[in-house]
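Each chain is listed here by its residues.
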Amino acid sequence: ATPTALLVGTGRGAQLGILIKGPEVLESSRTIDAVVLDKTGTVTTGSMRLTAVHSAQGAEVTSDGDRTKVDHAEADGQLLRLAGALEAFSEHPIARAVAAAARETHGVRSGSLPEVEDFRSHQGRGVSGRVDGRKVAVGRRSFLTECSVELPSEVLDMSAAVERDGRTPVMVAVDGSFAGVLIVADAVKETSPEAVAQLRELGLMPVLLTGDNAGTAQRVAEEVGIAEVIAEALPEDKVEAVKRLQRQGRTVAMVGDGVNDAAALAQSDLGIAMGAGTDVAIDAADITIIRGDLRSVADAVRLSRKTFTTIR
Ligand code: ADP
Ligand code: MG
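Residues numbered from 1 in each chain as written. Chains lettered and ligands numbered in written order. Predicted model: local features only at pLDDT ≥ 70, side-chain atom pairs only at ≥ 80, totals over all residues.

Moving on to the overall build of the protein chain. Assigned secondary structure in the protein chain consists of 14 helices and 13 strands. The C-alpha radius of gyration of the protein chain comes to 22 Å, within 12% of the 20 Å expected for a compact globule of 312 residues. Counting only C-alpha atoms and orienting by the principal axes, one finds that the protein chain spans roughly 80 × 35 × 30 Å. Looking at the protein chain as a whole, 48% of its 312 residues qualify as buried. Expressed as a percentage of contacts within the protein chain between residues at least 6 apart in sequence, the contacts between residues at least 24 apart total 59%. (Helix = DSSP H or I, 4+ residues; strand = E, 2+ residues; numbered from the N terminus. Rg over C-alpha atoms; globule rule 2.2 N^0.38 Å. Buried ≥ 20, exposed ≤ 12 C-beta atoms within 10 Å, placed from the backbone. Contact = placed C-beta atoms within 7 Å.)

Taken together, 22 residues sit near ligand 1, with Thr40, His92, Arg140, Gly211 and Asn260 positioned nearest. Mapped by element, the contributors of at least two residues to the shell around ligand 1 are helix H3 (39-43), helix H6 (93-110), strand S5 (126-131), strand S6 (134-139) and strand S7 (168-174). Looking at the shell around ligand 1 residue by residue, the class counts come to 6 nonpolar, 10 polar and 6 charged. When we break the shell around ligand 1 down by domain, the ones giving at least three residues each are domain 1 (3-45 + 188-310) and domain 2 (49-185). (Near = placed C-beta within 6 Å. Nonpolar A, V, L, I, M, F, W, Y, C, P; charged D, E, K, R; others polar. Domains from an automatic or database assignment.)

If you walk across this open sheet you meet the 7 strands as S1-S13-S12-S11-S2-S9-S10, and the pairing is mixed. Two strands lie at the open edges of the sheet, namely strand S1 (18-20) and strand S10 (228-230), each paired on one side alone. The sheet shows a mean angle of 20 degrees between the axes of neighbouring strands, direction not considered. Sheet topology note: the S1/strand S13 (residues 287-289) ladder contains 3 bridges and is antiparallel. Residue leucine 19 lies in a different strand from S13, and its bridge partner there is threonine 288. (Pairing = 2+ DSSP bridges. Axes fitted to C-alpha atoms, helices over the stretch in contact; angles between N-to-C directions.)

Between its first and last C-alpha atoms helix H8 (residues 153-164) spans 17 Å; for 12 residues at 1.5 Å apiece the expected length is 16 Å, and the two agree. Taken together, the buried positions of H8 are Ser159, Val162 and Glu163. The buried residues of H8 occupy one face: seen down the axis, they fall within an arc of 95 degrees. Turned more than 90 degrees away from the buried face of H8, the exposed residues are Ser153, Glu154, Asp157 and Ala161. (Expected span 1.5 Å × (residues − 1). Arc of directions from axis to C-beta.)

A few words on the sheet that holds S5. Ordered by their spatial adjacency, 6 strands build an open sheet running S3-S8-S7-S6-S5-S4, and the pairing between neighbours is antiparallel. A single partner strand is all that each edge strand has here, and the edge strands are strand S3 (49-55) and strand S4 (116-122). Going across the sheet, the axis of each strand differs from the next one's by a mean of 20 degrees, ignoring polarity. Across 7 bridges, S7 lies against strand S8 (residues 177-185) in antiparallel orientation. Within S8, the residue paired with valine 170 across the bridge is leucine 182. Along the sheet, H8 contacts S7 and S8; its crossing angle with S8, the most-contacted strand, is approximately 10 degrees.

This paragraph deals with the nonpolar core. Core analysis: the biggest nonpolar cluster contains 52 residues, and Val35, Val36, Leu208, Met254, Ile272, Ile287 and Val297 have the highest contact counts within it. The biggest single contributor to this core is helix H14 (residues 295-310), with 5 residues. Beyond its immediate sequence surroundings of up to four residues, valine 35 is in contact with Leu199, Leu204, Pro206, Ala253, Val255 and Val297. The next biggest cluster of nonpolar side chains, apart from the first, holds 38 residues, and it includes Leu82, Val138, Ile183 and Val184. (Core = buried A, V, L, I, M, F, W, Y, C linked by C-beta atoms within 7 Å.)

Averaged over every residue, the pLDDT of the protein chain is 89; residues scoring 70 or more account for 93%. Highest mean pLDDT in the protein chain belongs to S5 (98); lowest belongs to helix H4 (residues 56-61) (63). Of the two predicted TM-score estimates for the complex, the pTM is 0.80 and the ipTM is 0.94. (pLDDT = per-residue confidence, 0-100.)

This is how it looks when you write it as structure tokens:
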């Protein structure tokens with residue numbers, strides 16, 4: 001392509017809400033044949049809501065009469081208060097949902113959430129710290145297991161059902177013991193199914209990649225029409241998933257928001273950041289899609305193909 005054609009292509013991209021880092025990026029867009037899509041915040045809106053709280057303590061007291069209902073609510077409230085205080089320090093979509101719900105039920109009425117010490121964020125796993133002097137951990141099942149917390153079998157059954165329904169169970173431990181489950185839900189972006197259909201029409205293989213559990217991932221994949229699913233991937237597994245596709249001879253575009261996927265974005269042949277994503281994502285990416293609409297990924301591929309055919 002001539003420098004002029006590339007400039008025109010880049011300019012046209014900007015009009016379409018596709019910010020291209022340099023003219024050479026248009027060339028790599030032309031050759032990709034697989035598109036790896038991060039789930040949370042990319043295929044889904046990423047603005048999660050807390051839909052239920054199940055405290056272990058509340059469940060234990062449900063057996064005796066009316067008073068237990070109050071205890072139940074109190075125990076659930078206390079669980080949310082501890083988890084929310086901790087999650088207020090994380091920028092993960094799950095954390096935002098939990099912290100917002102805790103603020104609504106506790107913060108506003110009682111002034112503020114409890115104090116947090118020793119906060120730690122464990123990438124793609126969860127968060128931990130001391131809240132009100134108690135040791136609290138919030139995160140995926142395997143994170144609590146790593147922290148030597150035993151999860152009751154009823155809880156595992158319940159979370160499997162929640163996952164099949166496309167929602168995400170988040171485990172909470174207090175002082176080393178299982179304390180309850182918070183359930184969060186996210187919605188598929190309205191434009192995602194059509195975007196996936198367009199990628200297929202362009203001959204690209206879509207792949208859903210997520211740190212979330214397999215049940216939830218499968219449900220979202222079905223909703224948007226993706227057959228290839230890689231779930232329960234830690235940030236380092238996401239990089240490995242991209243490498244594996246590359247070893248299979250694929251030229252891989254990776255689309256993400258930078259929350260636990262910046263390294264995978266950098267590893268891909270064409271990194272695409274969601275505009276509403278983090279600064280890390282935008283730095284690691286070759287293209288930024290400013291409207292967060294996945295159809296822009298198909299637009300970018302069409303644009304590069306057009307740029308390179310017109311000039312021949
Ligand atoms: P995704 O690939 O869908 O963007 P992530 O890699 O960001 O997911 O996170 C993977 C999983 O780790 C989440 O589904 C959740 O179970 C757990 N997790 C990560 N961060 C947090 C957090 N701050 N609070 C609770 N759970 C978390
Ligand atoms: Mg993510």
